[in-house]
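Summary of the model geometry
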Amino acid sequence: MLVCCLVNISTYPIEATDVIITDKTGDVCSQNIWDDEVTVVNSSPYIDVKNIDLTQATYHQQGKQVTLSLQVAGYIENRGNASGYDFVQYTFELITSGQKYSIWYCNRTCSLYYNNTQINLTSSNFSVVGNTLSITFSLVSADELYENFSAITYYENGIHFPEIYVFLGDIAPNSGVRARQRAVPAPRTGDRAPGRGAW
């Protein structure tokens, strides 16, 4: 379910935009890297699946300032780093009338990407409380209008590749297998698996 509203917050020409996405639980998927088979998983010996099972994502914009939040069925798990082989990552993709933004959070580190620019956000920009991750940053321009956003969670374990390779993930809004395939990040230098990972 997607809810969007524009609210006048003062007599000044500044508007606040709020978007709420809800996501059903129990829809974390694993995609096999060898045959692209997608399977819904409820448990894993490598991670508590609830920690990447999205329940809600929210977007709030006031002027140039944006706050993105997500909630999971378990808790926000701080594990590994995105250049490693055993990590959990929480990601937002935001499209406005002027830019496309990607925001990545992994184990108390957070980065903002847009237009070939990377900004390493500090702890003053994000917070983790139980099952909720919130990230605040500034848009390039206050004139940017909201168009679309999504939240993506995933867990990757390639320590024992190729014998074992685990890639589990969830996305909100839930647009089915095609959206999941598009959401898998591009391979990094030194990736273990050919093509996409499994989720």
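Now for a description of the structure that goes with this document. Numbers given to residues run from 1 along each chain, matching the order in which its sequence is written. This being a predicted model, a pLDDT of at least 70 is required before a residue's local features are given, and a value of 80 or more before pairs of side-chain atoms are given or counted; all residues contribute to the totals for chains, interfaces and linings. Calculated side-chain values reflect all of the structure's heavy atoms, with hydrogen atoms and water omitted.

**A short note on the pairing of strand β7 (residues 86-96)**
Stated precisely, the cut-off is as follows: Burial classification: accessible surface area is computed with a 1.4 Å probe over protein chains only, and a residue below 20% of its type maximum counts as buried, one above 50% as exposed, and the rest as partly exposed. Secondary structure elements follow DSSP: runs of H or I no shorter than four residues count as helices, runs of E no shorter than two count as strands, and numbering proceeds from the N terminus. Note on pairing: two strands pair once DSSP finds at least 2 bridges between them.
For β7, the buried fraction is high: 8 of the 11 residues fall into the buried class. Relative to strand β13 (residues 146-157), β7 runs antiparallel, the two sharing 11 bridges. Across the sheet, E93 pairs through a bridge with S150, a residue of β13. Here 6 bridges tie β7 to strand β8 (residues 100-106), and the two strands are oriented antiparallel to one another. Across the sheet, residue Y90 finds its bridge partner in β8, namely Y105. Here β7 hands over to β8 after 3 residues, the two strands then running antiparallel side by side.

**Observations concerning the packing of aromatic side chains**
The condition that has to hold: Pairing of aromatic side chains here covers Phe, Tyr and the six-membered ring of Trp, requires ring centres within 6.5 Å, and sorts the geometry by plane angle: under 30 degrees stacked, over 60 edge-to-face, intermediate tilted.
For the structure on display, the rule yields 10 aromatic pairs. Arranged with centres 5.8 Å apart and planes meeting at 50°, the rings of Y101 and F137 form a pair that is tilted. Of this pair, Y101 sits in strand β8 while F137 sits in strand β12 (residues 132-138), placing them 36 residues apart in sequence. There is no split in this pair, since Y101 and F137 are both buried. Connected via pairs of aromatic rings, a cluster forms that spans Y59, Y146 and F149.

As far as function goes, none of this settles anything; it's purely spatial.
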